[in-house]
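Remarks on the overall topology
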Amino acid sequence: MNFNKFSKENIAIAFYTIYILIAGLCYELFPSHGNTPNGGVMLLYLFIPISIIYFMVHLIKQLYGNQSYAKCLLIHGVVWISVTVILSTFSE
């Protein structure tokens, strides 16, 4: 698949959208048993390091590359704030 026809912003948005949808589907389709977390919870735990690594890749490309990744960095921030707000509403 040729990713050159998609912009880097669209790829970042698609990554986060697909990842969160898969985590939500795994959470709903595979219920947990007792104290063991299910696949959706595990994907949300993995979301933190994966998104930080993805952010760091874009930050390094912004600092040392020829293209601007400012919009991608903004997308990362908006997604992190959105996930934090959504998860904090469920914890109450």
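Further up the page is the structure itself.
Residues numbered from 1 in each chain as written. Predicted model: local features only at pLDDT ≥ 70, side-chain atom pairs only at ≥ 80, totals over all residues. Heavy atoms only, no water.

Details of a nonpolar patch on the surface
A cluster of nonpolar side chains, contributed by Leu 44, Ile 86, Leu 87 and Phe 90, occupies part of the molecular surface with about 400 Å² of accessible area. It is helix α3 (residues 70-90) that contributes the most residues to the nonpolar patch, three residues altogether. One can find Leu 87 in helix α3. (Patch = residues over 30% accessible without salt bridge, like charges linked within 9 Å, V, L, I, M, F, W, Y side chains within 5 Å. Areas by Shrake-Rupley, 256 points an atom, 1.4 Å probe, with all protein chains shown as cover. Salt bridge = Lys/Arg side-chain N within 4 Å of Asp/Glu carboxyl O. Helix = DSSP H or I, 4+ residues; strand = E, 2+ residues; numbered from the N terminus.)

Section: the layout of surface pockets
Rolling a probe over the atoms, with the probe sized like a water molecule, indicates the empty space that remains. Taken as a whole, the largest pocket encloses approximately 480 Å³ of empty space. Lining the largest pocket are 18 residues, with Ile 20, Leu 44, Ile 86, Leu 87 and Phe 90 positioned closest to its centre. At the level of secondary structure, the elements contributing two or more residues to the lining of the largest pocket comprise α1 (8-29), α2 (39-64) and α3. Estimated volume of the second largest pocket: approximately 180 Å³. As for the second largest pocket, its lining consists of Val 41, Leu 44, Tyr 45, Phe 47, Ile 48, Ser 51, Ile 52, Trp 80, Val 83, Thr 84 and Leu 87. Every element with two or more residues in the lining of the second largest pocket is listed here: α2 and α3. Among the elements that make up the lining of the second largest pocket, the one with the highest residue count is α2 (seven residues). Of the residues assigned to the lining of the second largest pocket, the class counts are nine nonpolar, two polar and no charged. (1 Å grid on protein atoms, 1.4 Å probe; cavity = no way out; pocket = protein on both sides within 12 Å on 5 of 7 lines; lining within 4 Å. Points joined across faces, edges and corners; volume = space filled by probe spheres on them. Nonpolar A, V, L, I, M, F, W, Y, C, P; charged D, E, K, R; others polar.)

Some points on the side chain of Asn 38
Secondary-structure assignment places Asn 38 in the loop between α1 and α2. Note on Asn 38: relative accessible area 7%, which makes it buried. A polar side-chain atom of Asn 38 sits 3.1 Å from the main-chain carbonyl oxygen of Tyr 27. Ignoring any residue separated from it by four or fewer positions in sequence, one finds Asn 38 in contact with Cys 26, Tyr 27, Phe 30, Pro 31 and Ser 32. (Buried < 20%, exposed > 50% of the residue type's maximum accessible area, 1.4 Å probe, protein only. Polar contact = N/O pair within 3.5 Å; in protein donor to acceptor, adjacent residues only side chain to side chain. Contact = heavy atoms within 4.5 Å.)

Digging into the pattern of salt bridges
Counted according to the given criterion, the structure contains one salt bridge. With a shortest N-O distance of 4.0 Å, Lys 8 and Glu 9 are connected by a salt bridge. We classify Glu 9 as buried; its relative accessible area is 16%.

A word on α1
Under the 1.5 Å per step criterion, the end-to-end length of α1 is 31 Å for 22 residues, consistent within 8% with the ideal 32 Å. Residues Glu 9, Ala 12, Tyr 16, Tyr 19, Ala 23 and Cys 26 constitute the buried set of α1. Axial view of α1: buried residues confined to an arc of 150°, hence all on one face. Summarising the geometry of α1, the exposed residues directed more than 90 degrees from the buried face are Leu 21, Leu 25, Glu 28 and Leu 29. Where the residues of α1 are buried, they touch α2 and α3. (Expected span 1.5 Å × (residues − 1). Arc of directions from axis to C-beta.)

These values are about where atoms sit, not about what they do.
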